[in-house]
Amino acid sequence: MTNLLNGLNDKQKEAVLHFEGPLLILAGAGSGKTRVLTHRVAYLIEECGVSPYNILALTFTNKAANEMRERVESTVTYDAHNVWVSTFHSTCVRILRRYIDHLGYDRNFTIYDADDQKSLMKDICKSLNIDTKKYRERTFLNAISRAKDELKTPEQYAIEVQKEYNKKIFANVYKEYQRRLKKNNALDFDDLIMLTVELFKSNEEVLDYYQDRFRFIMVDEYQDTNTAQFTLLSLLASRYQNLCVVGDDDQSIYKFRGANIYNILNFEKVFPATKVIRLEQNYRSSQNILEAANQVIKHNSMRKDKALWTEQGKGEPICYGRYDNEYQEAQGVAEDIRKQVRETGMSYSDFAILYRTNAQSRVFEEKLVFAGIPYRIVGAINFYSRKEIKDILCYLKTINNSADDIAIKRIINVPKRGIGQTTIGRISDFALTNNYSFFEALQRVDEIPGTSRGAAAIHSFVDMIEKYRARLRDNFYSLEDLMNELLEETEYVKLLEAEETVEAQSRLENIDSLLNKITQYEEEAVEEATLDGLLEDIALVADIDTVDDDTEQVLLMTIHSAKGLEFSHVYLCGMEENIFPGAMATFGDDESEMEEERRLCYVGITRAKEKLTLTSANQRMKNGETNFNKPSRFINEIPRYLIKQTYGAVYKEKPDFNGVKFSPDFSKSPASNFSRDRKNPFANNPYIQKGMPQAVEADYTVGDMVSHFKFGQGRVTDMKDLGNDKEVTVDFEGFGQRKFRASFAKLKKI
DNA sequence: CAGCCATATCTTTTT
DNA sequence: GATATGGCTG
């Protein structure tokens, strides 16, 4: 008992010692919430006699679940593995695998990822004659996802929007989408939650069983729950009312995914007996970092007022580096990391580079490779969404679930078998009119007119799939053998080997990793290793789940992915208006969007333990356009005395831009906030006087000597007219020939 | 049917 | 810049 409370502060102890009834823990960043949760699990088991079997702990990522499971197992002395620690989605899959037949689905259902959803939506738009130029697939999918977050069925959705004429099409699409999912025996991510709720609501015995099983429920990152998840929790907890949720409204950053902030703000209203405990002492960050975070988040109006404090010292100042462009920014960060590692002996794993959008990772990757720094990019392209991996998984999905049209269509002609778009179209139409699945239509290919050319290939494809199905059904071989034989028979590997390119080589390596994953799954499977178990394992992993904290590598990821993690040194990069906060939040008319961006900034800042570095670039390429953005407003929201502007090398070297001095106020960059496009680079440039001809006038010409701030003196050897600009070629002493845009290079005639 | 090139459009953020 | 689509040719 005593060691359960060792080293905990009074508030933490109070939370750990809470036994029955609803509990809301408002836990600020770094306030030791995981510790509280695990110790409370131990307390319930060891002091209150609760069976581990009756405890459920829910998280959002597998990484968080694994960490909590490990900590529970090392804290609790017996039977800890019986505690159900899992993500919302895995929990629901587990329940649905047992009972989904009550809802008219088959128990070996497939889980669709974003790619599969999009393919399905494409098919639907085609068959409903919807112009995807006018309405993009994503638009529908987003609307459907939001509806499901709110537990709205297609029928309810249709009733709700019947007065809005332009929404009618959405209702139709949603209805068709859901119909096709069911026909394919497939569920999307949102279905996992929504259908579990539906199951509980429609089936008293099932609900009864789980209510009794999960007598004590704990939820991490509660601020990110949506309405469906909240309903799920209320249903489960309604009998015993032992629901303990931990969250921080200041860290709510998933509104776009349907997170409902009122779940946390109104928790006490829904559960009137709630005990509320606030954890405000931070154990993670230095005082300077915490102060910066507090000051930034203070600018939000829609929040529960609170302030984190720490007993730690002030620590290092927050550094701000301002660079000319994103390449210099990345180089500056890479150099800084290398310097720190060399001088202080820190490990590369102590560093994280965080940014707002995945697109920003590319330049960092380039510079880290060049600097020889080991790194790992989290997110961006998930391992399982690589082409070769998806192809092979779709073979497995096809074998597992014959109703999954999307999977079959993806691989029916991969590798090339001479089954083209027209043939697939004919089969698809045939399937639709006769209400067959795509695979059933393939089996009846001889009845379909106009498909004779591909018929032989289709027969052998069908035979192959059926062969694997039969062997798997008869337990003929392991998943590993299955996959090896599949790779052999389809010649997938052979064809890649024949390519002899670097790209093919990396694809082959990825296939090897997938094979390893399969072997590992079979070895570690708790219950029987099955094909749909494997596919589900794969469908529900996020990229962040596979990150190993002990590997010597710098981590690069979005701030969203970094939630829940901590690092000694954090670089928050791309701190510019229109990047962070993003343009959507700035130009939208919804103040709450800006507040969400600010919370995201708060999350980013509070990831840092010892040192925080902010960077911005004056100029940045976005969607093939060069943008000039002001430094982020969030930088200005941090008190100046906390910030040390360090290696803004360019800022020092070039104190002016087109002759206008930089203001000492970070935000008042003269060249701020206009963007230019390729065709008309000066359209929005405030430095081009109105009425002036748009073409750039240069006071030098071929043969003239000019000077450049970096390369020194040189002779102009060529000038090419680009319409609105000129390309100038200069031969420098010592640097050779360089090409410039006259508008950018500030060349002076001498 | 497959492979190549031109073009359009785009970006938040993810289980 | 990168990716997805559409049209053309062999």
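For the structure, see preceding data.
Definitions and limits used
- Residues numbered from 1 in each chain as written.
- Chains lettered and ligands numbered in written order.
- Predicted model: local features only at pLDDT ≥ 70, side-chain atom pairs only at ≥ 80, totals over all residues.
- Heavy atoms only, no water.
- Helix = DSSP H or I, 4+ residues; strand = E, 2+ residues; numbered from the N terminus.
- Contact = heavy atoms within 4.5 Å.
- Axes fitted to C-alpha atoms, helices over the stretch in contact; angles between N-to-C directions.
- Parallel < 35°, antiparallel > 145°, perpendicular 65-115°, else oblique.
- Nonpolar A, V, L, I, M, F, W, Y, C, P; charged D, E, K, R; others polar.
- Near = heavy atom within 4 Å.
- Polar contact = N/O pair within 3.5 Å; in protein donor to acceptor, adjacent residues only side chain to side chain.
- Salt bridge = Lys/Arg side-chain N within 4 Å of Asp/Glu carboxyl O.
- Buried < 20%, exposed > 50% of the residue type's maximum accessible area, 1.4 Å probe, protein only.
- Patch = residues over 30% accessible without salt bridge, like charges linked within 9 Å, V, L, I, M, F, W, Y side chains within 5 Å.
- Areas by Shrake-Rupley, 256 points an atom, 1.4 Å probe, with all protein chains shown as cover.
- Lys, Arg positive; Asp, Glu negative; His and termini not counted.
- Charge placed at Lys NZ, Arg CZ, Asp CG, Glu CD.
- Phe/Tyr/Trp six-rings, centres within 6.5 Å; stacked < 30°, edge-to-face > 60°.
- Core = buried A, V, L, I, M, F, W, Y, C linked by side-chain atoms within 4.5 Å.
- Expected span 1.5 Å × (residues − 1).
- Left-handed = near helix turned anticlockwise from the far one by under 90°.

## Focus: the overall build of chain A
Assigned secondary structure in chain A consists of 31 helices and 24 strands. Summarising the internal contacts of chain A: among those between residues at least 6 apart in sequence, 74% fall at separations of at least 24.

## Digging into the packing of helix α23 (residues 479-490) against helix α25 (residues 502-524)
Helix-helix packing is described using two parameters, namely the angle between the two axes and the distance between the axes. At a minimum axis separation of 9 Å, α23 and α25 run at an interaxial angle of 155°. The orientation of α23 relative to α25 falls into the category roughly antiparallel. Along its contact with α23, which presents Leu479, Glu480, Met483, Asn484 and Leu487, the element α25 presents Ile511, Leu514, Leu515, Ile518, Thr519, Tyr521 and Glu522. Class assignment of the residues belonging to the contact of α23 with α25 gives a composition of eight nonpolar, two polar and two charged.

## Details of the protein's contact with DNA strand B
Contacts to DNA strand B come from 27 residues, most closely from Phe60, Arg356, Gly420, Thr422 and Thr423. Counting only atoms of DNA strand B within 4 Å of the protein, the sugar-phosphate share comes to 61%. Between DNA strand B and Asn358, the relevant distance is 2.9 Å, taken from a phosphate oxygen to a main-chain nitrogen or oxygen of the residue. Those elements giving two or more residues to the surface near DNA strand B turn out to be α20 (421-434), α27 (559-562) and α29 (591-605). For the surface near DNA strand B, the element with the most residues is α20, which contributes three residues. Taken together, the residues of the surface near DNA strand B break down into eight nonpolar, 13 polar and six charged.

## Considering the pattern of salt bridges
Going through the model one piece at a time under the given rule, you end up with 48 salt bridges. Here Arg284 ties to Glu566 by a salt bridge, and the two come within 2.8 Å at their closest N and O atoms. With a gap of 282 residues between them, Arg284 in the loop between β8 (275-279) and α15 (287-297) and Glu566 in the loop between α27 and β13 (567-572) connect regions that are remote in the sequence. The buried category is assigned to Arg284, whose relative accessible area is 12%. Glu566 sits in the partly exposed class, given a relative accessible area of 39%. With a closest N to O distance of 2.8 Å, Glu637 and Arg598 form a salt bridge. Residue Glu637 is found in the loop between α30 (633-636) and β16 (643-645), and its partner Arg598 is found in helix α29; the two are separated by 39 residues along the sequence. Across the pair, Arg598 and Glu637 agree in class, each one buried. Each member of the salt-bridge network shares a partner with another, and the members are Asp248, Asp249, Asp250, Arg303, Asp305 and Lys306.

## Section: a positive patch on the surface
Taken together, the side chains of Lys118, Lys122, Lys126 and Arg138 present a region of like positive charge at the surface. Of the residues forming the positive patch, the biggest block, three residues, is contributed by helix α6 (residues 114-127). Tracing the chain through its elements places Arg138 in helix α7 (residues 137-149).

## Considerations on the packing of aromatic side chains
Centre-to-centre distance and the angle between the planes together describe a pair of aromatic rings. By the definition in use, this model includes 19 aromatic pairs. Geometrically, the ring pair formed by Phe351 and Tyr571 is stacked, given 6.4 Å between the ring centres and 20° between the ring planes. Of this pair, Phe351 sits in strand β10 (residues 351-355) while Tyr571 is found in strand β13, placing the two residues 220 residues apart along the sequence. With relative accessibility at 0%, the residue Phe351 sits in the buried group. In this structure Tyr571 comes out as buried when scored by relative accessible area, which is 1%. A centroid spacing of 5.3 Å and a plane angle of 70° characterise the contact between Phe580 and Phe634, whose relative ring orientation is edge-to-face. Of this pair, Phe580 sits in the loop between β13 and α28 (583-587) while Phe634 sits in helix α30; the two residues are 54 residues apart in sequence, bridging distant segments of the chain.

## Quick look at the environment of Ile419
Mapped onto the elements, Ile419 comes out in the loop between α19 (405-411) and α20. The class for Ile419 is buried, based on a relative accessible area of 1%. Apart from the residues lying within four places of it in its own chain, the contact partners of Ile419 are Ile412, Asn413, Ile424, Ala457 and Ile458.

## Brief notes about the nonpolar core
Grouped together as the largest cluster of nonpolar side chains are 67 residues, with contacts concentrated most on Met121, Leu192, Phe200, Ile217 and Leu243. In this view, Phe200 contacts Ile95, Val206, Leu207, Tyr210, Leu232, Leu235 and Leu236; residues no more than four positions away in its chain are not counted. Grouped together as the second largest cluster of nonpolar side chains are 52 residues, Ile465, Tyr521, Leu534 and Ile538 included.

## Things to note about helix α4 (residues 62-75)
Compared with an ideal rise of 1.5 Å per residue, which puts 14 residues at 20 Å, α4 spans 20 Å between its outermost C-alpha atoms and is within 8% of the ideal. Here the buried face of α4 lies against α3 (33-46), β2 (55-59), β3 (84-87) and α5 (88-99).

## So, the packing of α6 against α7
Packing of α6 against α7 brings their axes to within 9 Å, and their N-to-C directions diverge by 110°. Looking at the two axes, α6 sits roughly perpendicular to α7. You can see that α6 and α7 cross each other, and the crossing is right-handed. Residues Gln117, Lys118, Met121, Lys122 and Cys125 of α6 touch α7, and the partners they reach there are Glu137, Phe140, Leu141 and Ile144. Across the contact of α6 with α7, the residue classes break down as five nonpolar, one polar and three charged.

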